[in-house]
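# Architecture and fold: a report
Each chain, letter by letter, is given below.
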Amino acid sequence: MLHKLGGSCSWMVVMGCLALGVSVSRTSAAAEELRIGFVAPMTGGFAQVGKDMSNGFQMYLDEVGGSFAGAKVKFIVEDSEAKPPVAVRKAEKLVLQDKVHMLVGGLLASTGYALAPVSTRQKTVYIASVPSADDLTQRQSADYPYVIRTGWSSSQPSHPFGEWACQQGYKRIVTIGADFAFGYEVVGGFQRAFESCGGKVIQKIWPPLGTQDFGPYIPTLKKDADAIFTLMAGPMSLQFPKQLADAGIKKPVLGGGTSYDEFVLPSMGDEVHGHVSALQYSAALDTPKNAAFVKKYREKYGKVPSYYSESNYTTAQMIHEVFKKTGGKWPGAQKFIETLSKMKFDAVRGPVHFDDMRNPVQNVYIKKIERKKMFGYPNDELWNTVTKTYPNVSQFWNYGKTEFLKQPVYSRDYPPCKFCE
Amino acid sequence: MFLTDRGKLWTVFVIVLALAILAPFASAYVILLVTQALILAILAMSLDILLGFTGLPSLGQAAYLGMGAYLTAILATRYDFGLGWSFWVVIVLGILIGAATAALFGLFAIRAAGVSFLMITLALGMCVWGLAYRWNSMTGGDNGINIPARPKFGIQLADGVTYYYLVLFFFVMSLAMLYVLIKSPFGRSLVGIRERELRMRILGYNTWLHKYIAFVIAGGFGGLAGVLWAHLNGIVSPQVVVLATSVDALLMVVLGGPGTLVGGAIGAAVVVFLRDYLSTVVPWWQYVLGGVYVLTILYLPGGLMGIPARIRRWREEQAGPGQEKKR
């Protein structure tokens, strides 16, 4: 008996190997199947964010019963480990082996930059639902005709935020941002907008990504600044405000979206009370649509949705709307992009449409962290209360597209720190 | 061992032939995986020269892969160089830059041995990573560099199968050259250094120079792997040069069997299969990979290549001494 089992086991291995080679040659028999390849980190340091992302998409799928206007959705999640080369290989696996119609996801900007060429090479749609690297839909958008972004570009919320900072009467601001491309873009956008309405960025500090101890940086923050602008990512978001409070610094703190999004907010304490950030989504957005979304998401996954979840939920909704238009048929990559980029959506985050470089034009919310009750939950919790809405913000803000694209992408040295002391 | 040297050569020859013949029938994704495994095999074999034959456990092999890859990407994007026939020049340059980097690092590293050698190579590898990560204007920092397209010169390397054959060609060439190297008197003296450096020195060998040359050669093959790697992914990011890549290469050699050359290739194949294929099937692939590593180190000190020898020994024990005499 055991012997037989062993025999059949080895057969299974052989068959498995064959299947590895053969399964691919099987073409899609049913035309009504929509295969979506989802690339997100499922292991490693960013695994929880990846989970938030896929949960958002999955929740929408569950809501509509797993089919978009008659097309049955096959949702295939692959682990990118938050490493660009791995993301590329997984994307190619999805395209070559699973014959997906589109790739969705990616988390870090670097992953976005890695996946975009795959979409061009394989002539497959890539929906960047989270990667926010500016140039994907700016200076390089012509290279990636099959890329459309449903999330945001890094500097998009920073521009109105800079203007808002001026209106608060801040004159001199120091910035402290994680030392990587995303940090440069968020801080750069803020600096540009803040300085074009008369403010001055007097100091820029770049602690390395993953810094735990801000001890060497906090004392160097200029004492005569009116406010601090921070851009943190991951665990840094939690460490920095705590250590800032411990150092007894009471200055107003402004932050890029990821410094205070709902992914990190529940782990924060009262030290962040009153901190202000800007993003295209807040879980505390007081609309019926968002209230329903938050309640449902929280019931299902036990936590308040972050923008990672909302973005992917909305992405699923957008794909669904396109399929409603096409009558449940896959229109082909080019047509899909064309259709999607011309549509207007009533999303959880608010109204969304696309500019001609396929980046969303959407509301940007200025959000202040408050401890309060929301949506009928019994406990006092930290929420990103929306204090001001900038409607229909484009990635070019009010600089004009051609003017904006003439300048280089925001970097460590651009915009130059004219007022640094 | 089961096989004589000639027998082993034949086995390798048959496997390579099978790889060449079966390719057009395999799916595009399998081709991609095998291509990847072959490139990593070149890297692992280059490391085996150090680890297996010379007894130098290097934790910086990814540095040479990175140098080759970044060179390729920078030449392609900034100077439009290496996307036609000039690809062959880039191959040579890639080998040279790998070797040159190793020649520089070797000056620091070779004087050490054992754990110190491990640490120095680790530190030097991290230097290259730091360079890749921080030199934004040149390397694109965290975002890395996208290579616009694979080279074409009469043949289109953009085609997965064509590129696979190119990589297979380089793999076979590397294997052959490294094989000749280890069978040469120079290779023998490396093994001598591994076994007992003092004796070699007393015999009049300049052991420092021998180790240094081996280090540089390994760097050169690392650089070659880097050029191929860059065009495989179409993107070069600091992720290529992180410590994990060096550790992977080390584990591939240990897994396959150090001091066997083809062991590195087998290790590379197993790791790629487990990591890239299994990870698409089950979410707990990391446990399998970890388990395989642990079991190999515990029970197969000679790596997977040591299995035939173990089986033979086991059989002899089963058969008993009488039986053996009859044979």
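Not measured: the values here are computed from a predicted model.

## Looking at the overall build of chain B
- Along chain B, the regular secondary structure elements total 14 helices and four strands.
- Computed over C-alpha atoms, the radius of gyration of chain B comes to 20 Å, within 12% of the 20 Å expected from 2.2 N^0.38 for 327 residues, which places it in the range of a compact globule.
- On the principal axes, the C-alpha backbone points of chain B span a range of 70 × 50 × 40 Å.
- Expressed as a percentage of the 327 residues in chain B, the buried residues total 48%.
- Across chain B, contacts joining residues at least 24 apart in sequence account for 77% of those joining residues at least 6 apart.

## A word on the overall build of chain A
- Of the regular secondary structure elements, chain A holds 11 helices and 15 strands.
- Overall size of chain A, expressed as C-alpha extent along the three principal axes, is 80 × 55 × 40 Å.
- Relative to its full complement of 421 residues, chain A shows a buried share of 51%.
- A fraction of 71% describes how many contacts in chain A between residues 6 or more apart in sequence connect residues 24 or more apart.

## Quick look at the pairing of strand β3 (residues 71-79) of chain A
Residue and element names in this part refer to chain A.
- Taken together, the eight bridges between strand β1 (residues 33-40) and β3 define a ladder with parallel strand orientation. Note on β3: the bridge partner recorded for E33 is K72.
- As defined by bridge partners, strand β2 (residues 67-68) adjoins β3 across two bridges and the pair is classed as antiparallel. Bridge pairing in β3 links S67 to K72.
- Remark: two residues form the turn of the hairpin made by β2 and β3, two consecutive strands paired antiparallel; A69 in that turn has positive phi of roughly 50°.

## Quick notes on the packing of helix α2 (residues 28-54) of chain B against helix α12 (residues 262-281) of chain B
All names here are of chain B.
- At a minimum axis distance of 7 Å, the contact between α2 and α12 shows a crossing angle of 140°. For the element pair α2 / α12, the angle class is oblique. Between α2 and α12 lies a crossing whose hand is right-handed. Residues L33, Q36, A37, L40, A41, A44, M45, L47 and D48 of α2 form the contact with α12, whose participating residues are G263, G264, A265, G267, A268, A269, V272, D276 and Y277.
- When its residues are assigned to classes, the contact of α2 with α12 shows 12 nonpolar, four polar and two charged.

## Topic: the packing of helix α5 (residues 158-167) of chain A against helix α6 (residues 181-196) of chain A
All names here are of chain A.
- Where α5 meets α6, the closest approach of the two axes is 7 Å, and the angle between their N-to-C directions is 45°. Taken together, the axis directions place α5 and α6 in an arrangement best described as oblique. For α5 against α6, the interelement crossing comes out right-handed. Contacts between α5 and α6 involve S158, H159, F161, G162, E163, A165 and C166 on the former and, on the latter, V186, G189, F190, R192, A193 and F194.
- Its residues placed into classes, the contact of α5 with α6 shows seven nonpolar, four polar and two charged.

## Topic: the interface of chain A and chain B
- Opposite the 28 residues of chain A that make contact, chain B presents 23 residues.
- Listed by contribution, the elements that provide at least two residues to the side of chain A that touches chain B are α1 (2-22), β3, α3 (84-96) and α4 (109-122) of chain A.
- Looking at the side of chain A that touches chain B residue by residue, the class counts come to 14 nonpolar, six polar and eight charged.

## Quick look at the sheet that holds strand β5 (residues 125-128) of chain A
- Strand order in the open sheet made by the six strands is β2-β3-β1-β4-β5-β6 (chain A), with mixed pairing throughout. At either end of the open sheet lies a strand with only one pairing partner, and these are β2 and β6 (147-149) of chain A.

## Comments concerning the domain arrangement of chain A
All names here are of chain A.
- In terms of domain boundaries, chain A breaks down into domain 1 (30-153 + 290-354) and domain 2 (158-279 + 363-406).
- Here domain 1 and domain 2 have C-alpha centroids that lie 27 Å from each other.
- At three residues, helix α8 (residues 288-301) tops the list of elements feeding residues into the side of domain 1 that touches domain 2.
- The residue makeup of the side of domain 1 that touches domain 2, split by class, is nine nonpolar, seven polar and six charged.

## Some remarks on the environment of A:S237
Residues and elements named next belong to chain A.
- As for its position among the elements, S237 is in helix α7 (residues 236-246).
- Counting along the chain gives 27 residues from S237 to V264, while the straight-line C-alpha distance between them is 7.1 Å.
- The residues contacting S237, other than those within four sequence positions of it, are M232, T258, S259 and V264.

## Quick notes on unusual backbone geometry
Residue and element names in this part refer to chain A.
- Here the residue pair Y414 and P415 is connected by a cis peptide bond, since its omega of 0° sits within 30 degrees of zero.
- In this fold, P415 is placed in the segment after α11 (401-406).
- Positive phi, normally seen in glycine, also occurs at A69, with a value near 50°.
- Structurally, A69 is set in the loop between β2 and β3.
- Given 18 C-beta atoms within 10 Å, A69 falls into the partly exposed group.
- At N392, a position not held by glycine, the phi torsion is positive, near 45°.
- Note that N392 resides in strand β15 (residues 381-393).

## Here we look at the confidence of the model for chain B
- With 96% of its residues at a pLDDT of at least 70, chain B reaches an overall mean of 86.
- Across the predicted assembly, pTM comes out at 0.83 and ipTM at 0.78.

## Some details on the nonpolar core
- Counting 213 residues, the largest nonpolar core has A:L103, A:L115, A:Y126, B:I39, B:A41, B:A44 and B:A268 as its most contacted members.
- A domain-level breakdown of this core finds at least three residues from each of domain 1 (30-153 + 290-354) and domain 2 (158-279 + 363-406) of chain A.
- If we ignore the near neighbours within four places in the chain, the residues touching B:A268 are B:A37, B:L40, B:A41, B:A44 and B:M252.

## What about the environment of A:P160?
Residue and element names in this part refer to chain A.
- By the secondary structure assignment, P160 is in helix α5.
- Sequence spacing of P160 and Q334 is 174 residues, and the spatial spacing of their C-alpha atoms is 33 Å.
- Residues contacting P160, with those up to four places away along its chain left out, are A278, V364, Y390, V393 and W397.

## Description of helix α10 (residues 333-342) of chain A
Residues and elements named next belong to chain A.
- Taken residue by residue, α10 has F336, I337 and L340 as its buried positions. Looking down the long axis of α10, one finds its buried residues gathered within 95° of arc, a one-sided arrangement. α10 presents Q334, K335 and K342 as exposed residues on the side facing more than 90 degrees away from its buried surface.
- Contacts from the buried residues of α10 go to β5, β6 and α9 (307-326).

## Some points on the environment of A:E299
Residues and elements named next belong to chain A.
- Within the element layout of this structure, E299 appears in helix α8.
- Of the residues examined, E299 has 8 C-beta atoms within 10 Å and is grouped as exposed.
- When the C-alpha atoms of E299 and C417 are compared, they prove to be 47 Å apart, with 118 residues separating the residues in sequence.

## A look at the confidence of the model for chain A
- Here chain A shows a mean pLDDT of 88. Residues at 70 or above account for 93%.
- In the predicted structure, residues 1-30 of chain A sits below a pLDDT of 50 and forms 10 contacts with residues beyond four places in sequence or in another chain.

The rules behind the values
Residues numbered from 1 in each chain as written. Chains lettered and ligands numbered in written order. Predicted model: local features only at pLDDT ≥ 70, side-chain atom pairs only at ≥ 80, totals over all residues. Helix = DSSP H or I, 4+ residues; strand = E, 2+ residues; numbered from the N terminus. Rg over C-alpha atoms; globule rule 2.2 N^0.38 Å. Buried ≥ 20, exposed ≤ 12 C-beta atoms within 10 Å, placed from the backbone. Contact = placed C-beta atoms within 7 Å. Pairing = 2+ DSSP bridges. Axes fitted to C-alpha atoms, helices over the stretch in contact; angles between N-to-C directions. Parallel < 35°, antiparallel > 145°, perpendicular 65-115°, else oblique. Left-handed = near helix turned anticlockwise from the far one by under 90°. Nonpolar A, V, L, I, M, F, W, Y, C, P; charged D, E, K, R; others polar. Domains from an automatic or database assignment. pLDDT = per-residue confidence, 0-100. Core = buried A, V, L, I, M, F, W, Y, C linked by C-beta atoms within 7 Å. Arc of directions from axis to C-beta.

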